[in-house]
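Okay, here's what each chain looks like letter by letter:
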Amino acid sequence: MSFSRQRKIVVDIILGVAFLFSIIIGILLGASLAAMNNMDLEILDPKDSALPTQVFDINGNLISEFYTNEKREIIALDEVPDHLIDAIITREDQDFYEHNGFNIKRIISAALHMLVGQYAGGGSTITQQVAKNRHCDRTEFTLMRKLVELWYAFQYERQYTKREILEFYINEVPFGGGTNGVEAASQYYFGHSAKEITLAESVLLANVIAAPTRYSPIRNPDIAKKRQKEILDQMVEIGYATREEADRSFREYWINYDYTRSPAAIDLRKDSAPWFSWYVKSQLEEMNLSSDDIFKGGLKVYTTLNLEYQAIADKIMADGVVSVNEKYRAINSDRQIFGDNVFLPIVDLLSLTFNIRDIRTAARKEKVKAKNYYRERVNSLVDMVSTMFNMDDLKDCAISIHKKDKKSIKKTEVEGSLVCIDSRTGYILAMVGGSEFNSRTNWFNRAVYAKVQPGSAYKPLYYSAAIDQGKINPATMLVDAPVIFWNDDGTPYTPLNYKGRWNGRVLARTALAKSLNVPSLKVLHEIGFDSAISQSARMLGITDPQEIEYNFPRKYPLGLGIIRVSPLQMVEAYATFPNEGREVIPIAIRFIEDRYGKKILEPEKELIARQKRLGDGVRIMSPQAAYVMVDMMRSTVDFGTLAGVKRLFKNRPIAGKTGTTQNWSDAWSVGYTPQMTAAVWFGFDTPGNSLGVSLNGAAIAGPVWGKFMYEVHKNLPVEEFKRPATGIVEVEICSVSGLLPDPKGYCGHDVIPELFIKGTEPRDYCHIHKAEILLKELQRDHLRDTLLYDEQPIIDLSKPLQDSQTDKSEETTADTDTSAENNNFLDEDEEEPDYEDPNADVSDYNPLLDG
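Residues numbered from 1 in each chain as written. Predicted model: local features only at pLDDT ≥ 70, side-chain atom pairs only at ≥ 80, totals over all residues. Heavy atoms only, no water.

Draft legend 1. Just the pattern of salt bridges, in detail. The tally for this structure, following the rule as stated, stands at 24 salt bridges. Here lysine 195 and glutamate 79 are joined by a salt bridge, their closest N and O atoms 3.3 Å apart. On the criterion of sequence distance, the pair formed by lysine 195 in the loop between helix H7 (182-190) and helix H8 (199-210) and glutamate 79 in the loop between strand E3 (71-72) and helix H2 (82-92) is long-range, its members being 116 residues apart. For glutamate 719, the salt bridge identified is with arginine 424, shortest N-O distance 2.5 Å. On the criterion of sequence distance, the pair formed by glutamate 719 in the loop between helix H24 (697-712) and strand E19 (728-734) and arginine 424 in the loop between strand E8 (415-422) and strand E9 (428-432) is long-range, its members being 295 residues apart. Residue glutamate 719 is classed as partly exposed on the basis of its relative accessible area, which comes to 26%. A cluster of three or more residues bridged by salt bridges with shared partners is formed by Lys229, Asp233, Arg243 and Asp247. (Salt bridge = Lys/Arg side-chain N within 4 Å of Asp/Glu carboxyl O. Helix = DSSP H or I, 4+ residues; strand = E, 2+ residues; numbered from the N terminus. Buried < 20%, exposed > 50% of the residue type's maximum accessible area, 1.4 Å probe, protein only.)

Structure, rendered in structure tokens:
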């Protein structure tokens, strides 16, 4: 068949489909026009009175009610800057001034999605959005609703000018946070009138129309920033702004951005779980529900939360945050006293002796005391007086000092969060986003939105890839000794262990349980960055290629957890292990009913249907690999960094991992049982401070996590982690070498059982114990010096051994590079003296280990 013939057939098919589609649209449109023939174009008043939305927990108990006085302030189109309108048109409807109420390409696209049962936004023009907000049910995603919306759009275009339609739009469109219209939204997001809105702010406001939570500059500043830049570039391309104007406005906004500011408060009264309620509200907005739906619609939202578990989490975290802050202040107080008593007198003596006024500390201390007194006692009075007498300059001064104090608190006040999900269903059972919730001053939900480094809590994610691929097993022998790793760009990296301790030869199980850095990075080196990043991203629920590239640097510090994730993402990742290697998607809302009891949205049902469609696509690792990882992570509780909580659980199987980040700025504990997975985090809202070496993951996050898990499991039956029916073998090994015990019994009491994925168990026999016996015989016969030494020692017993399985070109002693640049990531971590292995000293290992 010729090419021209093929092309003609394709064209005929396309024309036929288009003709058929036109007939269907015409019939449906005619039917809808007939049904609406007698409708009045006057704005329809709601027939139903406003009712609050009620939020219920998993057991039907009322959590909260959402209701508020509508935040809407009318503003004339002429009163807002042109760049606000330009930004809205660029983002929402670039053909606004050319079309007659609809865009045929967008309509066809939206209609096709509706016909196949998929909702896809972006089909409506500005005129259609006005019609939808005034006359349609936003929760109904059907072709008929689209046709009704289209009919009204025609009528608006007939009776009103484009500027009048724009004025309707900017005063009525919902912007999230219970706001309608640009004036209320500008006050909500930026704290000033829309009359004063900048170009950069205009673009941010235009973006939140489509997705109030995703593009919120308060909740998701990084995502909002990226989208803002894209729209600014489009405005420059269209001609609405110059490149210089766009870049300057963008730069000025983010230089002055306050990551800690709170939006105007929503009304959350009689709330038993405010952190969770705030999260549910954001989820409702993502489901395309309007402010009227949320605050006046009388909806009933049935969630996954367990109020009993929530009360336990609230109490334990409140006590935990207080306790950690007391310890942090005590440590800093001791440092301050030591400095004042020891160093300052010496500095003052030098200053007086050599007449160096610039280093004189006594005068500086008096100035600091005076400043502190002013801030604590005087500034509030100055603020009040300046307000009473309209003294603007004095008011500005008081506000400036208040802002500095607020930023200082963010750097020195330790915050914390906890989140717990069902290990099988992903139900969010408890959520604490910080210290005491306040909708005006402390609303930021750290459990969901904080992006912080997980430290060594990240290690199990790439260990699981190595186990799944058969690169390592729990008995793989690794060497914990100084080593240099070379990044792809040629830069060296020299990791250190906690307090500079080295353990010599260890099994992979011990390396993970005690959070040893060098052995872990050797595991990362073995599987490579591609496998480690791919597995980690899937477990954390990160699918955007750009986000993966940005968040996962292809350098060895990655293995010590320098990525940025939220506690909710960490429980999502860890729940994969008890769920037999399948993904677990955290979910907060099961279903929603309207005021009449009709189900209008069923997120849980949709999630289950999606997972069924994917089948094995939801599997991240084999059930055998997941089970081996569970067993390895149980060792963290048995003898590793979580051994301090072991006494709480007795016969209950439980596993987990701690994490402490660079400079001890974040402390983690994440773990699970077959029933639940929970994460606890402590750290600072503003980066740059340190908790101190003694306030690590094992010391502060571990006990809080252990206490919570103990309390919520009190009345639950003991369950075992599900072991796969096939593919797992238990083999006796030598605990020193990780190999099969010597058949002649030389290994003695060092024989232990170990789990393996079938086919990865060791095949060789241990030779270490036999070599030790041989060495003793040689010593007894006075032959050791003859065999082991010549003019120069063949083997230096004072130095740790190198791993025979690692490329020698990649290893050297730490003495070859001790620059500060290569020691930035001290990371870990939490290995406390109480948990030290008495056999870990390098001198205990035999030089003939490699045979």
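Draft legend 2. Seen up close, the pairing of strand E14 (residues 589-593). Counted residue by residue, E14 has five buried out of five residues, so it is predominantly covered. Here E14 folds back onto strand E15 (residues 599-601), and the loop between the two strands holds five residues, one of which, glycine 597, carries a positive phi near 90°. (Pairing = 2+ DSSP bridges.)

Draft legend 3. Focus on the pairing of strand E10 (residues 477-480). Of the two faces of E10, the one holding Met477 and Val479 and the one holding Leu478 and Asp480 are both buried throughout. The pairing of E10 with strand E13 (residues 504-507) spans four bridges and is classified as antiparallel. Bridged to aspartate 480 within E13 is glycine 504.

Draft legend 4. The confidence of the model for the protein chain, seen in detail. The predicted model of the protein chain has a mean per-residue pLDDT of 79, with 70% of residues at 70 or higher. In the model of the protein chain, helix H26 (residues 784-788) stands out as the element of lowest mean pLDDT, 49, in contrast to helix H21 (residues 567-574), which has the highest, 98. Low confidence marks residues 34-47, where pLDDT is under 50. Its contacts with residues over four positions away, or in another chain, come to 16 contacts. Per-residue pLDDT stays below 50 along residues 264-268; that stretch engages in 22 contacts with residues further than four places along the chain or on separate chains. (pLDDT = per-residue confidence, 0-100. Contact = heavy atoms within 4.5 Å.)

Draft legend 5. View of the nonpolar core. Formed by 93 residues in total, the largest nonpolar core has its most connected members in Phe276, Leu284, Ile428, Tyr463, Leu540, Phe552 and Ile592. When residues of this core are assigned to their parent elements, the largest contribution, 11 residues, is made by helix H19 (residues 517-540). Ile88, Tyr257, Ile587 and Ala678 belong to the second-largest nonpolar core, a separate cluster that totals 92 residues. (Core = buried A, V, L, I, M, F, W, Y, C linked by side-chain atoms within 4.5 Å.)

Draft legend 6. A look at the packing of aromatic side chains. Following the criterion strictly, the structure yields 27 aromatic pairs and no others. Judged by centre distance (5.2 Å) and plane angle (70°), the rings of phenylalanine 96 and tyrosine 97 are edge-to-face. Of the residues examined, tyrosine 97 reaches a relative accessible area of 45% and is grouped as partly exposed. Here tyrosine 574 and tyrosine 672 contribute two aromatic rings whose centre-to-centre distance is 6.4 Å and whose plane-to-plane angle is 70°, an arrangement assigned as edge-to-face. Here tyrosine 672 lies in strand E17 (residues 666-672) and tyrosine 574 lies in helix H21, a separation of 98 residues in the sequence. (Phe/Tyr/Trp six-rings, centres within 6.5 Å; stacked < 30°, edge-to-face > 60°.)

Draft legend 7. Structural context of unusual backbone geometry. In this structure, serine 515 takes a positive phi of about 55° despite not being glycine. Secondary-structure assignment places serine 515 in the loop between helix H18 (508-513) and H19. Its relative accessible area of 4% is what places serine 515 among the buried residues. The phi dihedral of glutamate 580 falls on the positive side, at around 60°, and the residue is not glycine. Looking at where glutamate 580 falls in the secondary structure, it is placed in the loop between H21 and E14.

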